[in-house]
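# Observations on the model geometry
Single-letter residue listing:
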Amino acid sequence: MTKYASISDFQNAEPELVELRRHLHAHPELSHQEKKTAQLVAAKLEGWGYEVTPNIGGHGVVGRMRVGNGNRSIAIRADMDALPITEAAKHEYASTIDGVMHACGHDGHTTMLLGAAEYLARTRNFSGTLNLIFQPAEESGIGSGAVAMIADGLFDRFPCDAIFGMHNHPGAPEGTILMRSGPLMAAADTVTITVHGKGGHAARPHLCIDPVVVGSSIVMALQTIISRSVDSTETAVITVGTFNGGTATNIIAESATLTLSVRTFSDQVRALIKERIYKVVETQAASWGATASIEYDSGHPVVFNSPEETEFATVVARELTGEGNVPECPLIPGSEDFSHFLQHKPGCFIRLGNGESSAPLHNPAYDFGDKSLTTGAAFWARLTERFLAQE
Ligand code: ZN
């Protein structure tokens, strides 16, 4: 019987993985600036015998390895960028770059995939094509790294049958692997509403159309979309993040501006909410004799895990860590640009416990848990061996 990779196979590599993760942590690079990280990744992959293609969709790197004559192919993605946050911690591997830190654990994601890359190149216990995707600019919102890599021909140049990705998950114990089939993370759209009223003296509101009052009624009416229009078995969020209007107490403003974040977990609810926002805003404004212009920016789509690939990844996770360590992942209202890959290929986005006492993602006190490195690397290695199993 074929033996597949286990966590203990990575025990010897652990000190090196910790050192690498801490090196990346100390030298973070912002989205679109991941030059040195990409160079480090490319050099390591080349050294292990991968066919390396740099500069895909910016600083993206793909390492490809073909073993045997299997015709299946797998893609695994890790993200590389850091965030514009000043690190709070003072440990010896704290960020050396002012105002920049790995506050989302992408240092850990890159390290785990490199750990698997080294192991798989050395053991070559698979038959088929392995594509390792090191993605830049995950944090950059619209026009992010996944979109840029796809636009640069990623899937034409490196065809694959399925794609997998992983993110650490603060709050879940280290050593656990969280799985969810279907929708996992939200689509995140941004809306800018400008209410056009009629300005004038604060003492004579009857001669004006007050955009602050119109905007206020829009804020309240928007909240009824979730409670009255969305199916009660579905979930969504509409947050009015900013509301700006007016300059002084004795002036009624000409206009007011609201910006919204809209989070949804299905294409149907996403479309419904968009339609309702237009209707609610336009009719609320009209009822006051005002007008409103709306700018609707579609952000990342829903992270949708395909059932077959999720089932497969769940089996691999259970084999690796035991049944009790693979809980179902709750729905996550955050968004991820991995969702764009999943619009082109079936696949699964996996969440890896980062400890119950871990600081939240994007927090100045956050740190990736080094104990997870061997679990993550072993998972990628075993997933590859099982996906590209030799006949
Ligand atoms: Zn992240």
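## A look at the overall build of the chain
- On a plain count of helices and strands, the chain comes out with ten helices and 15 strands.
- Each of the three principal axes of the chain carries a C-alpha extent, and together these read 85 × 45 × 40 Å.
- The burial tally for the chain puts 53% of its 391 residues in the buried class.
- Long-range contacts, defined as pairs at least 24 residues apart, comprise 82% of the intrachain contacts of the chain with a sequence gap of at least 6.
- Total accessible area on the chain stands at roughly 16600 Å², and carbon and sulfur atoms take up 51% of it.

## Digging into the environment of Lys345
- Assignment of secondary structure puts Lys345 in the loop between helix 9 (338-342) and strand 15 (347-353).
- Along the sequence, Lys345 and Phe155 sit 190 residues apart, while their C-alpha atoms lie 8.8 Å from each other.
- Not counting the four nearest positions on each side in its chain, Lys345 is found in contact with Phe155, Cys160 and Ile163.

## Concerning the state of the cysteines
- By the definition in use, this model includes zero disulfides.
- In this model Cys329 remains outside any disulfide bridge; the closest cysteine sulfur is found in Cys348, 9.9 Å from its own.
- Classification of Cys329 as buried rests on a relative accessible area of 1%.

## Section: the domain arrangement of the chain
- For the chain, the assigned domains are domain 1 (7-185 + 302-387) and domain 2 (187-298).
- The C-alpha-based centres of domain 1 and domain 2 are spaced at 38 Å.
- Seen at the junction of domain 1 and domain 2, the total is zero salt bridges.
- Here domain 1 is connected to domain 2 by one residue pair in polar contact (both at pLDDT 80 or more).

## A look at the sheet that holds strand 1 (residues 51-56)
- Read across the sheet, seven strands follow the order 1-2-4-3-5-15-6 without closing on themselves; strand pairing throughout is mixed. Since the sheet does not close on itself, it has two edges, and those belong to strand 1 and strand 6 (177-178), each with one partner.
- Sheet topology places strand 6 next to strand 15; two bridges connect them, and they run antiparallel. When the sheet's bridge partners are listed, Leu178 is paired in strand 15 with Arg351.

## A closer look at the nonpolar core
- One finds Leu45, Tyr50, Phe134, Phe164, Ile350, Phe379 and Trp380 to be the most contacted residues of the largest nonpolar core, which totals 58 residues.
- Aside from chain neighbours lying at most four places away, what touches Phe134 is Val41, Leu45, Gly60, Val61, Ala78, Met80, Thr110, Leu113, Leu114 and Met149.
- In terms of nonpolar packing, the next biggest core, distinct from the first, is built from 25 residues, Ile193, Ala236, Ala290 and Ile294 among them.

## Some remarks on the packing of aromatic side chains
- With the rule as written, the count across this model stands at nine aromatic pairs.
- One aromatic cluster is present, built from ring pairs that chain together Phe155, Phe338, Phe341 and Phe349.
- Its end group placed over the ring of Phe387, Arg72 keeps NZ or CZ at 3.9 Å from the ring centre.
- If you follow Arg386 out to its NZ or CZ, it ends over the ring of Tyr4, 5.7 Å from the centre.

## Structural notes on the pattern of salt bridges
- Enumeration over the complete set of coordinates arrives at 17 salt bridges.
- The residue Glu92 makes a salt bridge to Arg22 at a minimum N-O spacing of 3.6 Å. With Glu92 in the loop between strand 3 (73-79) and helix 3 (106-123) and Arg22 in helix 1 (residues 14-26), this pair connects stretches of sequence that are 70 residues apart.
- For Glu92, a relative accessible area of 70% corresponds to the exposed category.
- The salt bridge involving Arg22 is made with Asp370; its shortest N-O contact spans 2.8 Å. Of the two residues, Arg22 is situated in helix 1 and Asp370 in the loop between strand 15 and helix 10 (372-387); the sequence distance between them amounts to 348 residues.
- Among the ionic contacts, a cluster of salt bridges with common partners joins Arg21, Arg22, Glu92, Asp107, Asp367 and Asp370.

## Details of the layout of surface pockets
- The calculated volume of the largest pocket comes to roughly 300 Å³.
- Along the walls of the largest pocket sit 16 residues, with Glu138, Glu139, Ser335, Glu336 and His362 positioned nearest its centre.
- Split into classes, the residues belonging to the lining of the largest pocket amount to four nonpolar, six polar and six charged.
- Every residue lining the second largest pocket is listed: Asn12, Ala13, Glu16, Leu17, Glu19, Leu20, His23, Lys44, Trp48, Leu114, Gly115 and Glu118.
- Elements supplying a minimum of two residues to the lining of the second largest pocket: helix 1 and helix 3.
- Per element, the largest residue contribution to the lining of the second largest pocket is five residues, and it comes from helix 1.

Basis of the calculations
Residues numbered from 1 in each chain as written. Predicted model: local features only at pLDDT ≥ 70, side-chain atom pairs only at ≥ 80, totals over all residues. Heavy atoms only, no water. Helix = DSSP H or I, 4+ residues; strand = E, 2+ residues; numbered from the N terminus. Buried < 20%, exposed > 50% of the residue type's maximum accessible area, 1.4 Å probe, protein only. Contact = heavy atoms within 4.5 Å. Areas by Shrake-Rupley, 256 points an atom, 1.4 Å probe, with all protein chains shown as cover. Disulfide = S-S within 2.5 Å. Domains from an automatic or database assignment. Salt bridge = Lys/Arg side-chain N within 4 Å of Asp/Glu carboxyl O. Polar contact = N/O pair within 3.5 Å; in protein donor to acceptor, adjacent residues only side chain to side chain. Pairing = 2+ DSSP bridges. Core = buried A, V, L, I, M, F, W, Y, C linked by side-chain atoms within 4.5 Å. Phe/Tyr/Trp six-rings, centres within 6.5 Å; stacked < 30°, edge-to-face > 60°. Lys NZ or Arg CZ within 6 Å of the ring centre and 35° of its normal. 1 Å grid on protein atoms, 1.4 Å probe; cavity = no way out; pocket = protein on both sides within 12 Å on 5 of 7 lines; lining within 4 Å. Points joined across faces, edges and corners; volume = space filled by probe spheres on them. Nonpolar A, V, L, I, M, F, W, Y, C, P; charged D, E, K, R; others polar.

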